[in-house]
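An overview of the molecular structure
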Amino acid sequence: MNYLFPELWVLIAMVGTFLFSAFALRWPVALALVGGALAGCIVGGEGFPLRHFVEGTLVYLDTIVLIASAMVFMRGIQANGLLEWVAYGLAKTFRRYPATLLVLITWFAMSAGMITGSSTATILTTGAIAAPVLYRMGLSRQKTGALLALSGLLGMVAPPVNIPAMIIGGGVDMPYIGFELPLAVLSFPLAAVIALSIGIRSVRSIASEELKAPEGKPSLTLFFPVLLLLILIFAERAFPRHFPGLGLPLDFIIASLATPFCGRRINPLRVTREAINDALPIMGILVGVGVFLEVMTMTGVRGFVVDLFGSLPEVFFWVGVAISLPLFGAVSAFGSASILGVPFLLALLGRNEIIVASGLSLLSALGDLVPPTALAGLFAAQVVEEPRYLRVLKNCLPRALLIDFVGIAFMVWARPFESFIFHWPTLPRVAVLLAGTIGFVLFAFLVDLLRRRRWGECG
């Protein structure tokens, strides 16, 4: 075992420097990651390997480009009024069926995370738009904040953009292909169950006079950018021989070009500048993650962590995964995905890598609810104007434990999930998923009918 001690000291130096810089010195997470990587080089006797630092900054270049383009698209459809009109349309259509509206508005709140891969961006965009609807349905500030925080977390896990899964895959040279169905199975049912568990006892129907239409006039052209994006994504996957593989970043850019001509008039340059400013912290973290991971590989720390966890008894291994990934994600969910997610995936190579990476990404995302940072809870509390964000986290705790259990179960029973997700033909898989989605909505609608029958008007 003596040959492992050098790697152990390097690991302690890297993680210790990272945590000290992030919490004690209050450096940005990206800079703290680079500081931890530099400490690892010094303790490992590597000096300052400039080449590895440069290569590390480019590890997640394609993911960085994807985030920037997705954020531009998200800001575009927010500025032209599409998001406000969708929220208003859902509330107006299902105002007398609060349980159904609760599930649908939760999925709507997740949509920004599905595009940007960021829980905070989700809470501050679609979450902020959904919050007034949740208030009018009868949810308290604490419950509304909890639902927004959890929606942001599950939104960053849902397809098509899941940055923790991209980070984990990039660490083992696994392309981000085939993740859509596993991530959909993980995120959307959980979101529906969590929404009903938080609000089913509190929600009520909304009076028509409580709803205020957004400025401007709605039109079908509002949906053209989203429709164009869906067509591009679907065509690339359904007809790979006949349709050029543009890639998600170019898909987002092409769809973004249509946003100034649909809905409200917007200034494309101003929207783009704001979007890039919003994306800069995330892109900086990815640069730091790439450098940190490159140094872990160079010094042998990554192999040491894989051997360490791979030698544990199975029960202790799963307990370690369930606890360590969310706790480390308190500093950064992306940092947790790279520092622990990649070694955990390597230790579980006997199972389907896509399913395992999906489950690990869910546990990494949980870090956004862990104090003292708890970014999802903190921003959700700001949106609902709750001065003590711990009150929001209190409502999140039992649902976070459920998410942790589901993530572990998804990886433990990876083979049964693999037989459903990958061994069935595409159309039956999609049909089952659509049926399941419709089933959740019908279940919520049935709950509304039972409430109406028992108590009269819902709520």
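Here we summarise the structure given alongside this text. Every value quoted in this text rests on a predicted model; they were computed, and no experiment measured them.

**Comments concerning the packing of aromatic side chains**
- Counted by the stated rule, this structure contains 11 aromatic pairs.
- Ring centres 6.2 Å apart and planes at 85 degrees place the aromatic pair W107 and F188 in the edge-to-face group. Here W107 is found in helix α6 (residues 98–116), whereas its partner F188 is found in helix α10 (residues 180–199), with 81 residues between them in sequence.
- For W107, a relative accessible area of 13% puts it in the buried group.
- Here the aromatic rings of F317 and W318 are separated by 5.3 Å at their centres, their planes lie at 75 degrees, and the arrangement is edge-to-face.
- The buried category is assigned to W318, whose relative accessible area is 9%.
- Of the aromatic side chains, those joined through ring pairs into one cluster are F18, F292 and F328.
- A cation sits over an aromatic face here: R141 above Y135, 5.4 Å from the ring centre.

**Regarding the nonpolar core**
- Grouped together as the largest cluster of nonpolar side chains are 150 residues, with contacts concentrated most on L102, L154, F252, V321, L360, L369 and I403.
- Among the elements that make up this core, the one with the highest residue count is α6 (13 residues).
- Once you skip the residues sitting within four places of it in the chain, L360 turns out to touch I168, V321, L325, G341, F344, L345 and M411.

**Quick look at the pattern of salt bridges**
- For the structure on display, the rule yields 7 salt bridges.
- Put simply, R51 and E55 hold a salt bridge, and the shortest N to O gap is 2.9 Å. Of the two residues, R51 and E55 are both situated in helix α3 (residues 50–57); the distance of 4 residues between them amounts to about one turn of the helix.
- Using a relative accessible area of 52% as the deciding quantity, one classes R51 as exposed.
- In this structure, E386 engages R391 in a salt bridge whose closest nitrogen and oxygen atoms are separated by 3.4 Å.
- Judged by relative accessible area, which is 38%, R391 ranks as partly exposed.

Cut-offs used in this document
Residues numbered from 1 in each chain as written. Predicted model: local features only at pLDDT ≥ 70, side-chain atom pairs only at ≥ 80, totals over all residues. Heavy atoms only, no water. Phe/Tyr/Trp six-rings, centres within 6.5 Å; stacked < 30°, edge-to-face > 60°. Helix = DSSP H or I, 4+ residues; strand = E, 2+ residues; numbered from the N terminus. Buried < 20%, exposed > 50% of the residue type's maximum accessible area, 1.4 Å probe, protein only. Lys NZ or Arg CZ within 6 Å of the ring centre and 35° of its normal. Core = buried A, V, L, I, M, F, W, Y, C linked by side-chain atoms within 4.5 Å. Contact = heavy atoms within 4.5 Å. Salt bridge = Lys/Arg side-chain N within 4 Å of Asp/Glu carboxyl O.

Remember, this is a structural readout, not a statement about activity or role.
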